[in-house]
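Listed below, chain by chain, are the residues.
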Amino acid sequence: MAGDTRLAGRLTVPSGAAGLVVFVHGSGSSRHSPRNRYVAAVLNRAGLATLLFDLLTVHEEADRGNVFDIELLAGRLGGTLAWVRDRPDTAQLPVGLFGASTGAAAALWAAAEPDAGIAAVVSRGGRPDLAAPRLSLVQAPTLLVVGALDTAVRQLNQAAAAMLRCEHRLSVVPGATHLFEEPGTLQAAAELARDWFTSHLPAPGRAA
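Below or above, wherever it landed, is the structure these notes cover. The residue numbering used here restarts from 1 in each chain and proceeds along that chain's sequence as written. Local features in this predicted model are restricted to residues of pLDDT 70 or higher, and side-chain atom pairs are both shown and tallied only at a pLDDT of 80 or more, whereas totals for entire chains, interfaces and linings draw on every residue. Think of the side-chain values as coming from all heavy atoms in the structure, minus any hydrogens and water.

## Some remarks on the packing of helix 4 (residues 70–84) against helix 5 (residues 102–111)
1) Next: Axis angles are defined between N-to-C directions and span 0 to 180 degrees, where every axis is a line fitted to C-alpha atoms and, for a helix, only to the segment in contact. Helix and strand definitions follow DSSP, with helices as H or I runs of at least four residues and strands as E runs of at least two, each counted in order from the N terminus. Remark: helix 4 packs on helix 5, axes separated minimally by 8 Å, with the N-to-C direction vectors making an angle of 65°. Considering only the axes of helix 4 and helix 5, their crossing is right-handed. Together, Ile70, Glu71, Leu73, Ala74 and Leu77 of helix 4 and Thr102, Ala105, Ala106, Ala107, Trp109 and Ala110 of helix 5 make up the contact between the two elements. Take the far helix as the reference: if the near one is turned anticlockwise from it by less than a right angle, the crossing is left-handed, and if turned clockwise, right-handed. Any two residues whose heavy atoms approach within 4.5 Å at even a single point are treated as in contact.

## Section: unusual backbone geometry
1) Next: The phi torsion at Ser101 lies on the positive side, around 55°, for a residue other than glycine.
2) Next: Ser101 sits in the buried class, given a relative accessible area of 15%. Think of it in three bands: residues with accessible area under 20% of the maximum for their type are buried, residues over 50% are exposed, and the middle band is partly exposed, with areas taken using a 1.4 Å probe on protein chains only.

## Comments concerning the packing of aromatic side chains
1) Next: A pair of aromatic rings is counted whenever rings of Phe, Tyr or Trp (Trp by its six-membered ring) have centres within 6.5 Å, and the orientation is called stacked for planes under 30 degrees apart, edge-to-face for over 60 and tilted otherwise. Applying the stated criterion across every chain, the model contains one aromatic pair.
2) Next: Ring geometry for Phe23 and Phe98: centres 4.9 Å apart, planes at 40°, overall tilted. On the criterion of sequence distance, the pair formed by Phe23 in strand 2 (residues 20–24) and Phe98 in strand 4 (residues 95–100) is long-range, its members being 75 residues apart.

Here it is, written out as structure tokens:
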């Protein structure tokens, strides 16, 4: 439950998980995204729990405006974070966010909340520029992953990186377009995310 809305998701908690990564899907995507499921599997093998969930109900997805309502999506994410922190199997895990497309903006928007408690953020092919008013408030170490051939989005990520005041890095995957469909490119993005999360989870002062 995120507020009054019931959202569908898939939670995977490996034995001895060192942290939890919540996936924030982008426009036109869902918890069934094969790309995010691939990344989640890589993180699970590295000992991280994952939650893939739908930010919108089926009825809400029919309104295209909801997909780009970053405040709405960030609010749903906030409600979902409250849910995982109430569960015995995830309550003590430091939390990271993995956002794609517009989901990256929602992840950064939520991470900018003063009491967000987010240990790390990774954006894959994201639109962090859509969270521009909040970027300077983000404290969680942030990795922006973009494809070298995704020229427009790469430029938007470069501009967004300049607004961040937290620890951050922009990583460009050679030969990759927006969806990382080229051989080896999604694996490269997943390994960048894995390394970022495993080096920042648990956060200082948080128990694993």
